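Spelled out from the first residue to the last, the chains are:
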Amino acid sequence: MSLKLTTQKSITILLFTIFLVTAPFAGYTEAASTVNSNELVATSKNLIGTKYRSGGTTPAGFDCSGFVNYVFDDLGIDLPRTSAGLHSTGSKVDRDDLSTGDLVFFNTAGSGVSHVGIYIGDGKFIHSSSSQGVKIDKLSDPYYWAKHYVGAKRVTNISVASNK
């Protein structure tokens with residue numbers, strides 16, 4: 001086999017491999033649309049008290065990523081389904097730079113990202129807890145959330161509505 005043909009095959013295989021790895025996330029880059037922060041918080045707070053359901057994606061019951069998906073889908077933003085998929089999208093945000101609508105991630109299962117919520121401001125996030133359903137907690141909770149915090153991602157542009 002000639003060197004040119006071998007090189008062409010290698011390049012083709014490399015490009016195909018890159019395509020296979022990145023294709024599942026192609027639609028999940030940072031969203032171009034803008035979401036109103038008041039609308040996002042209101043949508044998520046309207047679901048407080050909804051029970052937890054493993055694999056749940058509707059107000060009949062949510063798991064953590066099902067809740068996040070439901071809220072963002074309601075606002076026209078399409079996101080990956082799982083907490084790990086959500087963690088692989090968007091842009092990294094430092095804890096000191098969190099804004100309403102950023103996704104916050106936790107390691108609650110011993111390794112990797114296993115829980116996700118939506119930051120709603122003032123050091124608080126809303127999420128679907130396996131024990132209490134959709135609720136608000138503080139990121140700084142020294143007994144649990146602060147110890148399990150992994151990081152945050154920004155998945156869309158958020159506009160802050162004025163109070164005029």
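Use the structure listed above.
Attention here is on the structure that accompanies the text. (Residues numbered from 1 in each chain as written. Predicted model: local features only at pLDDT ≥ 70, side-chain atom pairs only at ≥ 80, totals over all residues. Heavy atoms only, no water.)

1. Some words on the overall build of the protein
This is how it is decided: Counting from the N terminus, the helices are the DSSP runs of H or I reaching at least four residues and the strands are the DSSP runs of E reaching at least two. Exposure categories follow from relative accessible area, calculated using a 1.4 Å probe and restricted to protein chains: below 20% of the type maximum is buried, above 50% is exposed, and the middle band is partly exposed. Here, two residues are considered to be in contact whenever any of their heavy atoms come within 4.5 Å of each other. Residue burial considers only the protein chains on display, and all accessible areas are found by Shrake-Rupley using a 1.4 Å probe.
Counting secondary structure elements, the protein contains five helices and ten strands. Here the protein, with 164 residues, has 38% of them falling under the buried criterion. Contacts in the protein between residues far apart in sequence, at least 24 positions, make up 57% of those at least 6 positions apart. Surface summary for the protein: the accessible area is close to 9,200 Å², and the carbon and sulfur share equals 54%.

2. A look at the side chain of Ser65
Relative to the assigned elements, Ser65 resides in helix α3 (residues 64-74). Overall, Ser65 belongs to the buried group, its relative accessible area being 5%. Contact partners of Ser65, with chain neighbours within four places excluded, come to Arg81, Thr82, Ser83, Leu86 and Val116.

3. Concerning the side chain of Asn107
For the record, the criterion: Whenever two N or O atoms come within 3.5 Å, that pair is a polar contact, provided that in protein one can donate a hydrogen and the other can accept it, and provided that, for residues adjacent in sequence, both atoms are side-chain atoms.
Relative to the helices and strands, Asn107 is located in the loop between β5 (103-106) and β6 (115-121). A polar atom in the side chain of Asn107 sits 3.2 Å from the backbone nitrogen of Ser111. With residues near it in sequence (within four places) discarded, Asn107 still touches Gly112, Ser114, His148 and Val150.

4. What about the layout of surface pockets?
How we decide: As defined here, a cavity is a set of points on a 1 Å grid over the protein atoms alone where a 1.4 Å probe fits but cannot get out. A pocket is an open set with protein on both sides within 12 Å along at least five of seven lines, and residues line them when an atom is within 4 Å of a point. Grid points are joined across faces, edges and corners, and a volume is the space filled by probe spheres set on the points.
Here the largest pocket is characterised by a volume of approximately 280 Å³. For the largest pocket, the lining is made up of 19 residues, of which His115, Ser128, Ser129, Ser130 and Trp145 are closest to its centre. Going through the elements one at a time, α3, β7 (124-129) and β8 (133-138) are the ones with two or more residues in the lining of the largest pocket. At three residues, β7 tops the list of elements feeding residues into the lining of the largest pocket.

5. Let's talk about the sheet that holds β5
Counted only if it meets this: Each pair of strands is called paired provided DSSP finds at least two bridges between the two strands. Axis definition: a line fitted to C-alpha atoms, over the contacting stretch in the case of helices. Angles run 0 to 180 degrees between N-to-C directions.
Taking strand neighbours across the sheet as the criterion, the six strands line up as β4-β9-β5-β6-β7-β8 in an open arrangement whose pairing is antiparallel. Edge positions in the sheet fall to β4 (91-93) and β8, since each of these pairs with one other strand and no more. Averaged over all pairs of adjacent strands, the angle between their axes in this sheet comes to 35 degrees, without regard to strand direction. Alignment of β5 against strand β9 (residues 149-154), held across four bridges, turns out to be antiparallel. Counted as the bridge partner of Leu103 is Lys153 from β9. Against the sheet, helix α2 (residues 37-45) engages β6, β7 and β8, with an angle of about 125 degrees to β6.

6. Quick notes on a negative patch on the surface
Applicable threshold: Here a patch means residues that are over 30% exposed by relative accessible area and free of salt bridges, tied together within 9 Å if like-charged and within 5 Å if nonpolar (Val, Leu, Ile, Met, Phe, Trp, Tyr). Here, a salt bridge means any side-chain nitrogen of Lys or Arg that lies within 4 Å of a carboxyl oxygen of Asp or Glu. By the counting scheme adopted, Arg and Lys are positive, Glu and Asp are negative, and His together with the chain ends is not counted. Charge positions are represented by NZ for Lys, CZ for Arg, CG for Asp and CD for Glu.
On the surface, a cluster of negative charge is made up of Glu39, Asp73, Asp74 and Asp78. On the secondary structure map, Asp73 appears in helix α3. You can call Asp73 exposed: its relative accessible area is 52%.

7. Digging into the pairing of β9
Two elements, β4 and β9, share three bridges in a ladder whose sense is antiparallel. Looking at β9, one finds that Lys92 is bridged to Lys153.

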